[in-house]
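Reading the structure
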Amino acid sequence: MGADPKLIDDCVHCGFCLPTCPTYVLWGEEMDSPRGRIHLMKQHAEGTPVTPEMAGHFDACLGCMACVTACPSGVRYDRLIEQTRAEVERVHVRDPQERAVREIVFSLFPYPRRLRLLRPGMGLAARLAPFLERVHPSLGAMAALTPKVERRQRLPRRVRARGPRRAVVGMLVGCVQREFFPQVNAATARVLALEGCDVVIPPRQGCCGALSVHSGRADQARRLAKRTIRTFERAGVSVVVVNAAGCGSSMKEYAELLSGEWAARARRIRVVDLAEWLVELGPVAERHPLPVTVAYHDACHLAHAQGIRSQPRALLAGIPGLALKEVPEAAICCGSAGTYNIFQPEAARDLGDRKAKSVASTGAELLVSANPGCTMQIASAMRRAGGEIRVAHTAEVLDASLRGVGL
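The numbering scheme is per chain: residues are counted from 1 as the chain's sequence reads. Note on the predicted model: pLDDT of at least 70 is required for a residue's local features to be given, and 80 or more for side-chain atom pairs to be given and counted; whole-chain, interface and lining totals, by contrast, use all residues. Computation of side-chain values: all heavy atoms of the structure, hydrogens and water removed.

**Points about the nonpolar core**
The definition of a nonpolar core used throughout is a set of buried Ala, Val, Leu, Ile, Met, Phe, Trp, Tyr and Cys residues joined through side-chain atoms within 4.5 Å. Classification of residues uses two cut-offs on accessible area relative to the type maximum, computed with a 1.4 Å probe and protein chains only: under 20% is buried, over 50% is exposed, and between them is partly exposed. If you look at the biggest cluster of nonpolar residues, it comprises 56 residues, and the most contacted ones within it are V169, L192, C197, V199, W277 and V397. Numbering of helices and strands runs from the N terminus; a helix is a DSSP stretch of H or I covering at least four residues, while a strand is a stretch of E covering at least two. Here the element with the most residues in this core is helix 13 (residues 182–194); it accounts for 6 residues. In this description, contact between two residues means that some pair of their heavy atoms is separated by no more than 4.5 Å. For V169, the residues in contact, after removing those within four places along its chain, are L192, C197, D198, V199, V200, V237, V239, V241 and W277. Residues V240, Y254, L257 and V271 belong to the second largest nonpolar core, which totals 22 residues.

Set out below in C-alpha cells:
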C-alpha cells in the first residue's frame, strides 16, 4: 500500500519544484517541499511506518500541482500524493478533535442537500466566526469563508440552443457551486446556449468526488464517481462541461481512480472545462462592450492539473472594453485547495493574505476566477486586509457581455 515505488523513483531531487511549492515558499523546510515529501514516501515504501510527523508533512501539502508543471522529469506527484493520502487515512490515527472536524466536513460538503440546510444560517455563522475560532480553528475558518449567497436559481433539465444548434452537452452543477454560487451555474447555461449548445442538466446530480479523492478518501471518491458517470450516461450525453476547476480535474482522472468496466465507461464521457470548450467551439454570439478592469486568477486545478491557462484569458480578452491584468506570483496557490483552508487554516490564511496583496497590486476592480473555493478564499483575505473587490466567474463576465448587461 502507499505510493507506487516506480513513480517515486522518477524523482531525481533536482529542486526545480522548490520555488513553485507554496509550503516551501512559506516555511523553507525541505520536508515541506515536493521532493522532501517524495523522500518520506520512499522511506514508507521501504518499511518506515507513518509517524505523526510524517503525516503532518503530507497533510501540509495543498495538492496544487504547481510542482507537476515545474518538474522537468515528468514526476507524477499528483498520483503520488493521492496514493499517499489514502495510505495516511488508512493507517494514521488522528486526534479526536481532528477526526470530528473531518467527519463534519465530509458529511456535509459532498452532499448538496445537506449544504442547502446551512444557507439560512450563513450570515450568523460569519458573525460567530471569532467564537467558533476559539472552539476550533477549522470551525472558525469555515465560518469566515462563508459567502453572501444569492437567491437560489432553479435550472431546467434542458436549456435549448439559441440559433442553430452546434452541440449537445451535459453540465455539472457541483456541490459548493450549486448551493453557494447558483448564479454561476445559471450564467454557464446561458453562455453555452447563446453559443449554440443544447445544455442537458440532470436534476439529481451528486458530488463528483473531488474533495474526497484529494483528501485520501478513495472509497467515498469511487462511489461518488460511479454515481456521476451513471447520471450522465442516463442523460445521453458524451461531453460534460464543468465550471469548477477542482471538479473538472478529478472527473478527467476518473479512469485512473476506477478500474475495469467503470474505467472504460469513464473514458466514453469527455469532460471539458467551460473555457476549454468555448475556445474549441469558437465564438458565434456577439460580444457587447464591458468597460471593466479585470484581474484573472489561475485556479491551481485549472492551470496546473488541467493545463488550461490561455483559454480563459482569450475569452476575457475577446470582450470589447475589458482590460485584463495579470496577478503577480500567479503560479502560487491562494491557499484554498479544496478543504485545505479548513484543515490547515494558518497556512491557508498566510497564502490567502499573500494572494490578496498580489491581487490588490493590479488595481483591478473585478477578480475573475474559475473555482468557487478560490473565490471564497481570496474574497475572505481581501476583507481581512480591509479591502473589498468584486468577484465573478469567467462565465458571469461572458454572460454579461453576450447579453449586453452590466456586471
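Structure shown, so let's carry the discussion forward.
**Re the packing of helix 13 against helix 25 (residues 394–403)**
Interhelical geometry of helix 13 versus helix 25 gives an angle of 50° and a closest axis separation of 8 Å. One finds that helix 13 runs oblique with respect to helix 25. In this structure, the crossing between helix 13 and helix 25 has a hand that is left-handed. In this structure, helix 13 contributes Q183, V184, A187, T188, R190, V191 and L194 to the contact, and helix 25 contributes A395, E396, L398, D399, L402 and R403. Residues are grouped as follows: Ala, Val, Leu, Ile, Met, Phe, Trp, Tyr, Cys and Pro are nonpolar; Asp, Glu, Lys and Arg are charged; every other residue, Gly included, is polar. For the contact of helix 13 with helix 25, the per-class residue count stands at 7 nonpolar, 2 polar and 4 charged. Working convention: axes come from line fits to C-alpha atoms, limited for helices to the stretch in contact. Angles between N-to-C directions cover 0 to 180 degrees. If an angle is under 35 degrees, it is roughly parallel; if it is over 145, roughly antiparallel; if it lies from 65 to 115, roughly perpendicular; otherwise it is oblique. Left-handed describes a crossing whose near helix is turned anticlockwise from the far helix by less than a right angle; the clockwise case is right-handed.

**What to know about the packing of aromatic side chains**
Paired rings are identified among Phe, Tyr and Trp, the last through its six-membered ring, by centres lying within 6.5 Å, and are further divided according to the angle between planes into stacked (under 30 degrees), edge-to-face (over 60) and tilted (the rest). Enumeration according to the criterion identifies 1 aromatic pair in this entry. Judged by centre distance (5.9 Å) and plane angle (40°), the ring pair of F106 and F343 falls under tilted. One end of the pair, F106, is in helix 7 (residues 96–108); the other, F343, is in helix 22 (residues 340–343), and 237 residues separate them in sequence. The same class applies to F106 as to F343, namely buried.

**Regarding the sheet that holds strand 9 (residues 390–393)**
By definition, two strands form a pair when at least two bridges between them are found by DSSP. Read from one edge to the other, the open sheet built from 4 strands follows the order 7-6-8-9, with strand pairing classed as parallel. The open sheet has two edge strands with one neighbour each: strand 7 (323–326) and strand 9. Across the sheet, the axes of successive neighbouring strands diverge by a mean angle of 35°, strand direction being ignored. With 4 bridges connecting them, strand 6 (residues 293–296) and strand 7 associate as parallel partners. For A295, the partnering residue across the bridge sits in strand 7 and is K325. Contacts from helix 25 reach strand 6, strand 8 (366–369) and strand 9 within the one sheet, and its direction differs from that of strand 9 by about 85°.

**Thoughts on the pairing of strand 8**
Residues L366 and V368 line one face of strand 8 and the alternating positions L367 and S369 line the opposite face, and both faces are buried. Both strand 6 and strand 8 contribute to a ladder of 3 bridges, which runs parallel. If you follow A295 over to strand 8, its bridge partner there is L367. Across 4 bridges, the pairing between strand 8 and strand 9 is parallel. By the bridge assignment, V368 is partnered in strand 9 with A392. Regarding topology, helix 24 (residues 372–384) serves as the crossover connection from strand 8 to the parallel strand 9, and that connection is right-handed. If you view a crossover with the strands going away from you and the path from the first strand over the helix to the second runs clockwise, you call it right-handed.

Coordinates in, geometry out; function isn't part of it.
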